[in-house]
Amino acid sequence: MKIGFDIDDTLINLREHAFHLYNKKLGKQIDIALFYQLKRVEIHELFGLDEDEGHVMWNSLMEEIYFTDCPVFEGAIDFIRKLEKEGHSIFYITSRPKTYCEKTRQWMKNRGFPVIDEHFYCGMKDHEKLEIIQKLNLDVYFDDKPAVLETLTDSNTKVYVKHQSYNGHVPFPRVYDWKNFKLE
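Draft legend 1. Just the packing of aromatic side chains, in detail. In total, this model carries 21 aromatic pairs according to the counting rule given. Ring geometry for Tyr22 against Phe47: centres 5.2 Å apart, planes inclined by 55°, an arrangement best described as tilted. Of this pair, Tyr22 sits in helix H1 (residues 14-26) while Phe47 is found in the loop between helix H2 (32-35) and helix H3 (51-67), placing the two residues 25 residues apart along the sequence. Given the relative accessible area of 1%, Tyr22 is considered buried. For the ring pair Tyr66 and Phe67, a centre distance of 5.9 Å and an interplane angle of 75° mean the geometry is edge-to-face. Using a relative accessible area of 6% as the deciding quantity, one classes Tyr66 as buried. With a relative accessible area of 15%, Phe67 lands in the buried category. One aromatic cluster is present, built from ring pairs that chain together Phe5, Phe79, Tyr92, Phe113, Phe120, Phe142, Tyr160, Trp178 and Phe181. One residue, Arg96, lies across the ring of Tyr66, its end atom 3.9 Å from the ring centre. The side chain of Arg96 reaches across the aromatic face of Phe67, ending 5.7 Å from its centre.

Draft legend 2. How the structure looks around the pairing of strand E5 (residues 158-162). Among the 5 residues that make up E5, 4 are buried, leaving the element largely enclosed by the rest of the structure. In the sheet, strand E4 (residues 140-143) pairs with E5 via 4 bridges, with the strands oriented parallel. Bridge pairing in E5 places Val140 opposite Lys158.

Draft legend 3. Structural context of the nonpolar core. In terms of nonpolar packing, the biggest core is built from 45 residues, with Phe5, Leu11, Tyr92, Phe113, Phe142 and Trp178 touching the most fellow members. Every element with two or more residues in this core is listed here: strand E1 (2-5), H1, H3, helix H4 (76-85), strand E2 (89-94), helix H5 (101-111), strand E3 (120-122) and E4. For this core, the leading source of residues is H3, giving 6 residues. In contact with Tyr92, not counting residues within four places along its chain, are Phe5, Ile7, Leu11, Ile80, Met108, Phe113, Pro114, Val115, His119, Phe120 and Tyr121. In this structure, Ile132, Ile133, Val159 and Val170 belong to the second largest nonpolar core, which totals 17 residues.

Draft legend 4. Summary view of the packing of H3 against H5. For the pair H3 and H5, the least separation of the axes is 10 Å and the interaxial angle reads 25°. Classified by the angle their axes make, H3 and H5 are roughly parallel. Contacts from Glu63, Tyr66 and Phe67 of H3 reach H5 at Lys103, Thr104 and Trp107.

Definitions and limits used
- Residues numbered from 1 in each chain as written.
- Predicted model: local features only at pLDDT ≥ 70, side-chain atom pairs only at ≥ 80, totals over all residues.
- Heavy atoms only, no water.
- Phe/Tyr/Trp six-rings, centres within 6.5 Å; stacked < 30°, edge-to-face > 60°.
- Helix = DSSP H or I, 4+ residues; strand = E, 2+ residues; numbered from the N terminus.
- Buried < 20%, exposed > 50% of the residue type's maximum accessible area, 1.4 Å probe, protein only.
- Lys NZ or Arg CZ within 6 Å of the ring centre and 35° of its normal.
- Pairing = 2+ DSSP bridges.
- Core = buried A, V, L, I, M, F, W, Y, C linked by side-chain atoms within 4.5 Å.
- Contact = heavy atoms within 4.5 Å.
- Axes fitted to C-alpha atoms, helices over the stretch in contact; angles between N-to-C directions.
- Parallel < 35°, antiparallel > 145°, perpendicular 65-115°, else oblique.

And the structure:
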């Protein structure tokens, strides 16, 4: 099978990593429990930032957020390695900017993800992921973001949602943790 994965907040815990960086950079002590209750992807409102300020903050920390010690969700690497060992083709499809494509690919390899360069796609808008998923004729795809997942409701691809506080309304089978997840 051809199996695709989003990266941020599907395989790695990027938003929570960013939350801790925001606390540090802004000298705040926002309770992590509030983060787990967020009903949107963006985290800036927890820090009293409006949309524009949040955008500026994210962009100013982007390299640090993407390429420092962001944790991988437990079991994610083992799950993908197992799929690869079983003979499945693994694809990564991320909305990260194209300028970060090579560095992201290398970061993933350094963490132990099995990555084939030609199976790594980045730089598209959320809604453009659908075109790549269709072009690749993926059998299965995993993502966390409602804006992406909602474009896949009529797709022939089997879609799974990596559970997050902001995507509870999305009507796809869920991955709560990679360690215990079994592909149907």
